[in-house]
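For reference, the chains in residue letters:
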Amino acid sequence: MSKPQVRKYCSPLREYKANLTRSNIADAAERLLISSGYAGMTVEAIAKEAGVSTQTVYAVFGSKRGIMAELLDRVIYIDHFHELHERSINSKDTQEALRYTVSLIRQVYESEGAVYALLRGAGVLDPELARIESAREALRRELQKHHVECLLTGRQLKAGLTMASAQDIFWCLTSRDVYRMMVQERGWTSTAYENWMLALLAGALLEGTV
């Protein structure tokens with residue numbers, strides 16, 4: 001006799017409460033980071049500030065590093081960014097599609113910059129922040145694959161380029177390091193960065209551009 005199948009229980013209320021708990025913990029961590037620095041942002045302090053147990057904090061985020069990553073990840077979940085993403089992959093005009101994409105990239109990095117500065121100013125050790133950046137870079141590359149495929153499908157790639165190599169080029173040119181170098185270190189304006197990146201991507205990826 002076969003065992004009866006166990007149906008998964010899905011509760012919108014439970015999901016809402018879980019998301020609310022996650023948000024409350026992240027809010028508490030950010031407040032502590034600002035007021036007490038990284039050293040004062042202990043899991044115990046975060047739990048107390050959020051009004052939950054330390055076990056809940058670990059269950060939701062796994063570690064203090066996970067909380068730090070969450071503070072950075074929050075940036076990309078802004079509605080305006082989703083709008084730019086949709087416009088970039090749905091535009092039939094190549095230049096317009098790339099323009100939306102470059103604007104999206106610049107605005108995400110610009111928004112992230114404040115949190116990175118806060119973490120560094122709070123005394124986060126470089127190796128620890130480097131591990132977070134490494135994990136986020138791997139995620140960025142994975143997420144970009146679909147975006148680039150949608151962006152470039154139906155457009156004529158440079159001779160010899162495959163979609164995979166185009167994705168690699170796109171990932172390299174739009175890196176956070178390039179943004180930091182040109183805007184934060186060299187003092188380029190947002191407009192100058194976007195215009196340069198637009199020409200760079202078009203010239204590297206699409207036929208008929210230099």
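Placed above this text is the structure.
So, how was this worked out
- Residues numbered from 1 in each chain as written.
- Predicted model: local features only at pLDDT ≥ 70, side-chain atom pairs only at ≥ 80, totals over all residues.
- Heavy atoms only, no water.
- Phe/Tyr/Trp six-rings, centres within 6.5 Å; stacked < 30°, edge-to-face > 60°.
- Helix = DSSP H or I, 4+ residues; strand = E, 2+ residues; numbered from the N terminus.
- Buried < 20%, exposed > 50% of the residue type's maximum accessible area, 1.4 Å probe, protein only.
- Lys NZ or Arg CZ within 6 Å of the ring centre and 35° of its normal.
- Expected span 1.5 Å × (residues − 1).
- Salt bridge = Lys/Arg side-chain N within 4 Å of Asp/Glu carboxyl O.

1. With respect to the packing of aromatic side chains
One pass over the structure, following the stated rule, counts 3 aromatic pairs. Plain terms: the ring middles of Tyr 109 and Tyr 179 are 5.5 Å apart, the flat faces sit at 45 degrees to each other, and that makes the pair tilted. Taken together, the residues Tyr 109 in helix H6 (residues 94-121) and Tyr 179 in helix H9 (residues 176-185) connect sequence positions 70 residues apart. Tyr 109 sits in the buried class, given a relative accessible area of 6%. By relative accessible area, Tyr 179 is classed as buried at 3%. Aromatic rings pair up to connect Tyr 109, Tyr 179 and Tyr 193 into one cluster. Residue placement shows Arg 141 over the ring face of Trp 171; its charged tip is 4.1 Å from the ring centre.

2. Focus: helix H10 (residues 190-205)
If you check H10, its first and last C-alpha atoms are 22 Å apart, about what 16 residues at 1.5 Å a residue would give, namely 22 Å. Restricting attention to buried positions, one finds in H10 the residues Tyr 193, Glu 194, Met 197, Leu 198, Leu 201, Ala 202, Gly 203 and Leu 205.

3. Here we look at the pattern of salt bridges
For the structure on display, the rule yields 9 salt bridges. Of the charged contacts, one joins Glu 137 and Arg 176 as a salt bridge, the two residues approaching to 3.7 Å between their closest N and O atoms. A residue pair is termed long-range when its members are at least 10 positions apart, and Glu 137 in helix H7 (residues 126-152) and Arg 176 in helix H9 qualify at 39 residues. What makes Arg 176 buried here is its relative accessible area of 8%. The shortest N-O distance in the salt bridge between Lys 145 and Glu 142 comes to 3.5 Å.

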